[in-house]
Amino acid sequence: MFALITTLSTNLLRTYIIYRFMRLFFWTDIEEKKKERACYVLFFVLTAGVHLIFCSPGMSVITNIVLIFLITVCYEGALKKIFVTLLVYGTNMGCDLVAVHLLTDYSITGKVGECAAYITVLLLLICDVISEKILIKNKGEDKTPHGMILAVISALCLAELLIVEQELKNRILLVLFGCCVLAVVLLIFYLYDVLISAYKKLEEQSLMEKQMLIYSHQLDVLMQSEEKVKALRHDMKNHLGELALMAGNQNNEEIRKYIQDMGEDMQ
């Protein structure tokens, strides 16, 4: 009974922390709220069910990765979904590795204590808080420069975690390795933030250059208009001079003809 309560409570907390992680990378419209909630409920039910019914680490890994990716489908982004899925589950596995091997010799007992499950959730929450501090300026930003590179790095971290956990038997080394993985994950968060900031600056610079080109074109148009106004002013002076001369000679017919010609030129 206590194991059931532990599984459900820690899984509920883990679902909430994953929701917080998603908020670091994605933003959703009000219309997508129902779909988003449904995905998180499905994640909670299926991950808890697989863990309680099958008790298979392999099935749990596959179920978690697939369902975390399903959650990312609620949000926009292509490569970003793969990157976030691998990074979030890699963080979860790193926390789990540290908590399990810190408290028990899993290679001998093959069992995970209830306390380790709560410590895993606590470490995951700490990683989320630190990541939020790192991404505070670019939280929810949807621009992902070099998304493929970040996805590959996250995939390599996750693959290395799976391999080392199976092959390495020394508890101390496993805990140290788990801590190193968590440090790399936080470094990836920092790298992501740096890339987003750099990308935004490039966009701002590009926009400024386009605005400068527009202003330059407008200035050219104004200068051309000024030249035309000066030419028109000069022509008007000549015309007025001619009209004044004709008026002095009282040549009304020539004045009417001259004004008619001026009208046609203006047309």
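Once a new chain begins, its residue numbering starts again from 1 and follows that chain's sequence as written. In keeping with the model being predicted, local features are shown solely for residues with a pLDDT of at least 70 and side-chain atom pairs are shown and tallied solely at 80 or more, while totals for entire chains, interfaces and linings include all residues. Note that water and hydrogens are dropped before the side-chain values are worked out from all heavy atoms of the structure.

K.L.:
Whenever I open this one, the overall build of the chain confuses me. Can you help?
P.N.:
Think of it this way: any DSSP run of H or I at least four residues long counts as a helix, any run of E at least two long counts as a strand, and we number them from the N terminus. The helix and strand tally for the chain stands at nine helices and zero strands. Along its sequence from the N terminus, the chain presents helices and strands in the succession α-α-α-α-α-α-α-α-α. Summary of the burial criterion: residues with accessible area below 20% of their type's maximum are buried, those above 50% are exposed, and those between are partly exposed, where the area comes from a 1.4 Å probe applied to protein chains only. Looking at the 267 residues of the chain, the share that counts as buried comes to 34%. We get accessible surface area from the Shrake-Rupley algorithm with a probe of 1.4 Å; when it comes to residues, only the shown protein chains can shield them. Element-wise, carbon and sulfur atoms account for 67% of the exposed surface of the chain, whose accessible area totals about 16500 Å².

K.L.:
What exactly am I supposed to notice about the pattern of salt bridges here?
P.N.:
Opposite charge on two side chains permits pairing when their charged atoms draw close. The term salt bridge refers to a pairing of a side-chain nitrogen on Lys or Arg with a carboxyl oxygen on Asp or Glu at a separation within 4 Å. One pass over the full model with this rule turns up three salt bridges. Between arginine 20 and glutamate 132 there is a salt bridge, with the nearest N and O atoms lying 2.9 Å from each other. Pair noted here: arginine 20 is in helix H1 (residues 2–25) and glutamate 132 is in helix H6 (residues 114–134), with a separation of 112 residues, a long-range link. Classification of glutamate 132 as partly exposed rests on a relative accessible area of 24%.

K.L.:
Whenever I open this one, the environment of isoleucine 18 confuses me. Can you help?
P.N.:
Mapped onto the elements of the fold, isoleucine 18 is located in helix H1. Here the alpha-carbon distance between isoleucine 18 and isoleucine 68, two residues 50 residues apart in the chain, equals 8.3 Å.

K.L.:
Sorry, what's going on with the packing of aromatic side chains here?
P.N.:
Two aromatic rings, taken as a pair, are described by how far apart their centres are and by the angle between their planes. Any pair of Phe, Tyr and Trp rings, taking the six-membered ring for Trp, is counted once the centres come within 6.5 Å. Such a pair is stacked with planes under 30 degrees apart, edge-to-face with planes over 60 apart, and tilted for the rest. This model, assessed by the stated rule, comprises eight aromatic pairs. Centre to centre, the rings of tyrosine 19 and tyrosine 40 are 5.4 Å apart; their planes meet at 80°, and the pair counts as edge-to-face. With a gap of 21 residues between them, tyrosine 19 in helix H1 and tyrosine 40 in helix H2 (residues 33–54) connect regions that are remote in the sequence. Arranged with centres 5.1 Å apart and planes meeting at 65°, the rings of phenylalanine 25 and tyrosine 192 form a pair that is edge-to-face. Here phenylalanine 25, found in helix H1, pairs with tyrosine 192, found in helix H8 (residues 171–248); they are 167 residues apart in sequence, far enough to count as distant. With respect to burial, phenylalanine 25 and tyrosine 192 carry one shared label: buried. Counting every residue linked through ring pairs, the aromatic cluster contains Phe21, Phe25, Phe83, Phe189 and Tyr192.

K.L.:
Which parts of the structure should I look at to understand the nonpolar core?
P.N.:
Side chains of nonpolar character tend, in soluble globular proteins, to be buried together. Nonpolar cores were defined as sets of buried Ala, Val, Leu, Ile, Met, Phe, Trp, Tyr and Cys residues, with membership established by side-chain atoms within 4.5 Å. Counting residues in each nonpolar core, the largest one holds 47 residues, and the members touching the most others are Ile18, Phe21, Met22, Phe25, Ile71, Phe83 and Phe189. Elements with a contribution of two residues or more to this core: H1, H2, helix H3 (57–72), helix H4 (79–103), H6, helix H7 (147–167) and H8. The element that contributes the greatest number of residues to this core is H8, accounting for 11 residues. Core analysis: the next-biggest nonpolar cluster, separate from the first, contains five residues, Leu243, Met246, Tyr258 and Met262 among them.

K.L.:
Teacher, can you tell me more about the environment of threonine 47 here?
P.N.:
Within the secondary structure layout, threonine 47 lies in helix H2. Judged by its relative accessible area of 6%, threonine 47 is buried. With 36 residues separating them along the chain, threonine 47 and asparagine 11 place their C-alpha atoms 7.8 Å apart. Sequence-distant contacts of threonine 47, that is, excluding residues within four places in its chain, are made with Asn11, Arg14, Thr63, Asn64 and Leu67. Between N or O atoms, a polar contact is any pair within 3.5 Å; within protein, one atom must be a potential hydrogen donor and the other a potential acceptor, and residues adjacent in sequence are included only when both atoms are from side chains. Looking at threonine 47, its side chain comes within polar contact range of the side chain of asparagine 11, at 2.8 Å. A polar contact is formed between the side chain of threonine 47 and the backbone oxygen of phenylalanine 43, at a distance of 2.5 Å. Contacts: residue pairs with any heavy atoms within 4.5 Å of one another.

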